[in-house]
Structures are given as structure tokens and as C-alpha cells.
Amino acid sequence: MTTTQHALAHLRRPRLLIRAAQHGLVDYNRRRDLKRVLSGMPVMSPSATVPLLMDREDALDALRQAGDASYSVVRHVETLIALMGEANLLAPRPTPAPTPA
């Protein structure tokens, strides 16, 4: 397990935030949503994007915990959706079994 996968596996956030992000994940569109979440940065590979999203999400969570007036729950959920979507792209895919001839 890589450091990124380990960090994602141990991410602890309020259940409501996670559930909202899981519902939004159904409509996640990498090309459209990453530009908005990453403030117009070019779309990169998931392995390069996940650490950026983790940093942004961590900063948002710090604002949430501090009760900062600039905290945006909408921005937090959008970032979590993107983080989950990109993490899904990093997950290993099972190889299909060969079909018998």
C-alpha cells in the first residue's frame, strides 16, 4: 500500500460529508470537475492529482474544525468527490480471466 493509499484509507471525516460526496461521485466528470476544484490547473494524471486534492481537502477540513467563516461546505464536498473519483482511478483493476477456446 502506497503512502497515498494509506492516507486515503485512514481519512476520518464526518459521515454527512462522506455520504454527500459518495452521492455526488455518481456524476463525477473528471474533465469538467477537476478544472473547477483545482482552480483551472491543467488536468494531470490521477497519481499527480490525488496529492493535490488531499492537500486542498486537508486545508478545508482545518477551516471546518476551526469554525472559520470562510469555510465552504460546498467546496469541501466538491473536493471530496474529486478526491474519491481520482482515487478510484488509481485502484488496481482486476484482469479478466481468459475465455476458453
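Residues numbered from 1 in each chain as written. Predicted model: local features only at pLDDT ≥ 70, side-chain atom pairs only at ≥ 80, totals over all residues. Heavy atoms only, no water.

### Some details on the overall build of the protein
When you go through the protein residue by residue, the secondary structure sums to five helices and zero strands. For the protein, the succession of helices and strands along the chain, N to C, is α-α-α-α-α. Here the protein holds 101 residues, and 27% of them are scored as buried. The long-range fraction of contacts in the protein, counting pairs at least 24 apart against all pairs at least 6 apart in sequence, stands at 64%. (Helix = DSSP H or I, 4+ residues; strand = E, 2+ residues; numbered from the N terminus. Buried < 20%, exposed > 50% of the residue type's maximum accessible area, 1.4 Å probe, protein only. Contact = heavy atoms within 4.5 Å.)

### Comments concerning the environment of S72
In this fold, S72 is placed in the loop between α4 (46-66) and α5 (73-90). Along the backbone, S72 and D61 are 11 residues apart, and their C-alpha atoms lie at a distance of 9.9 Å.

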